Amino acid sequence: ARGVGLARDTGRQVMELLSRGVNPRVIITREAMQNAFMVDMALGGSTNSVLHLIAIAYEAGIDFPLSAINEISAKTPHLTKLSPAGDYRIEDLDLAGGIPAVMKEINTLLNMGVKRVSGKPLTEELAGAEVRDKDVIRPFSQPHSPTGGLAMLFGNLAPEGAVVKSAAVSSGMLSHKGVARVFNSEEEATEAILSGSINPGEVVVIRYEGPKGGPGMREMLGPTSLLSGMGLGDKVALITDGRFSGATKGAAIGHISPEAASGGPLAAIKEGDTIVIDIPEHRIDVDLSDEEIKGRLSQLPEFESNIKTGYLFRYAERVTSAGRGAVFEK
């Protein structure tokens, strides 16, 4: 019965907004997007939020490049460490005051003039919010880190960007140089990890798992969980044009763009190449010249999806890489 009541209230609110001329594009502005990313950074970051919010920005006609997220991260303190990066869980965050309390703690950074579905100004909406547990939601002046929980990486391996949940990376893996172990699917990588053939210091490369290559960009939860469970989570980096779930921790770098299936540099990597990761400097590179990368890519056959019919076939034909939100270009 409560669900039916909520559904009716939602319908009434939709009609009320419509009568006032309030539609999604009125609410979803560049300033609102900046607020969303600031809250995300304060919470420790979600790699998937980057994918979704960049796609929403595209649909709303807002130019919001990945590099802008690094600028937001640089000034937003990381206030909350939730599992698996920390010991607290989402219900602890709720009991500590929830998202409104986090927003109130960073309100000096937020754009307070954004339009709200409620019609109320943001200052009024946050007036009653309070932090009820300063261990769960740390004060602005005493963060886990002075910068946010996500980092966008660029370099000759990811000209259009990649994303890492830096808040969940051990200090020893923030900068890492290792030999590439290359796999063309999640299944291949999983088999190698289970066989014990992955060694400390190596960089596991999983490609052809992006929006076009998947097709559909599956979560790489299996390989990251296995590496962590085998004690390699803080000894091995994993890079992919696929994506991760919120349960991922360690040096797991996803959304590498352009993806391998679109002829991105990830497709040029060979077993034994040296991968250089520098999260503080927002870099991810392969130790190859531009000429070598270009030469290798020119020798590769054009990617052919194993899906030949139906909507997924059309999707694979049209979709862009994750750095652009995995959207369909108009």
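One structure accompanies this document, and this report is about it. (Residues numbered from 1 in each chain as written. Predicted model: local features only at pLDDT ≥ 70, side-chain atom pairs only at ≥ 80, totals over all residues. Heavy atoms only, no water.)

1. So, the layout of surface pockets
One way to see where empty space is left: roll a probe the size of a water molecule over the atoms. A volume near 320 Å³ is recorded for the largest pocket. Considering the residues around the largest pocket, the lining is formed by 19 residues, among which Ser145, Thr147, Gly148, Ser166 and Leu174 are closest to the centre. Per element, the largest residue contribution to the lining of the largest pocket is three residues, and it comes from helix α5 (residues 66–75). Classifying every residue of the lining of the largest pocket gives eight nonpolar, 10 polar and one charged. (1 Å grid on protein atoms, 1.4 Å probe; cavity = no way out; pocket = protein on both sides within 12 Å on 5 of 7 lines; lining within 4 Å. Points joined across faces, edges and corners; volume = space filled by probe spheres on them. Helix = DSSP H or I, 4+ residues; strand = E, 2+ residues; numbered from the N terminus. Nonpolar A, V, L, I, M, F, W, Y, C, P; charged D, E, K, R; others polar.)

2. Comments concerning the packing of helix α3 (residues 30–42) against helix α4 (residues 47–59)
Their axes nearest at 11 Å, the elements α3 and α4 cross at an angle of 175 degrees. Overall, the two elements α3 and α4 adopt an arrangement that is roughly antiparallel. Across from Met33, Ala36, Phe37 and Asp40 in α3, the residues of α4 making contact are Ser49, Val50, Leu53, Ile56 and Ala57. Class assignment for the residues of the contact of α3 with α4 results in seven nonpolar, one polar and one charged. (Axes fitted to C-alpha atoms, helices over the stretch in contact; angles between N-to-C directions. Parallel < 35°, antiparallel > 145°, perpendicular 65-115°, else oblique. Contact = heavy atoms within 4.5 Å.)

3. Quick notes on the environment of Ile293
Structurally, Ile293 is set in helix α11 (residues 290–298). For Ile293, a relative accessible area of 6% gives the class buried. When the C-alpha atoms of Ile293 and Ile277 are compared, they prove to be 18 Å apart, with 16 residues separating the residues in sequence. Dropping the residues within four chain positions of it, Ile293 is found in contact with Asn156, Pro265, Ala268, Val286 and Leu288. (Buried < 20%, exposed > 50% of the residue type's maximum accessible area, 1.4 Å probe, protein only.)

4. A word on unusual backbone geometry
With the exception of glycine, most residues fall at negative phi, and the peptide bonds are largely trans. Here Gly214 and Pro215 are connected by a cis peptide whose omega angle stands at -15 degrees. Mapped onto the secondary structure, Pro215 falls in the loop between β4 (203–206) and α10 (221–229). At the junction of Ser257 and Pro258, the peptide bond is cis and its omega measures out at -5 degrees in the coordinates. Although it is not a glycine, Tyr208 adopts a positive phi angle of roughly 60 degrees. We note that His282 has phi near 60 degrees; this positive angle belongs to a residue other than glycine. Relative to the helices and strands, His282 is located in the loop between β7 (274–278) and β8 (283–286). Residue His282 is classed as partly exposed on the basis of its relative accessible area of 29%.

5. Side note on the nonpolar core
Grouped together as the largest cluster of nonpolar side chains are 35 residues, with contacts concentrated most on Phe37, Val50, Phe64 and Ile69. Elements represented by at least two residues in this core include exactly α3, α4, α5, α7 (98–105) and α8 (122–126). Ranked by residue count, the leading element in this core is α3, at six residues. The contacts of Phe64, once residues within four sequence positions are left out, are Arg30, Met33, Gln34, Phe37, Ile54, Ala57, Ile69 and Ile72. (Core = buried A, V, L, I, M, F, W, Y, C linked by side-chain atoms within 4.5 Å.)

6. So, the packing of aromatic side chains
On inspection of all chains with the given rule, the structure shows four aromatic pairs. Between the aromatic rings of Tyr311 and Tyr315, the centroid separation amounts to 6.4 Å while the plane-to-plane angle is 40 degrees, which identifies the pairing as tilted. Of this pair, Tyr311 and Tyr315 both sit in helix α12 (residues 310–318), four residues apart, roughly one helical turn. On the basis of relative accessibility, which here comes to 15%, the residue Tyr315 falls in the buried class. Centroid distance Tyr315 to Phe328: 5.7 Å. Interplanar angle 50 degrees. Geometry classified as tilted. One end of the pair, Tyr315, is in helix α12; the other, Phe328, is in the segment after α12, with 13 residues separating them in the sequence. Its relative accessible area of 30% is what places Phe328 among the partly exposed residues. Put simply, the rings of Tyr311, Tyr315 and Phe328 touch in pairs and so form one group of aromatic residues. (Phe/Tyr/Trp six-rings, centres within 6.5 Å; stacked < 30°, edge-to-face > 60°.)

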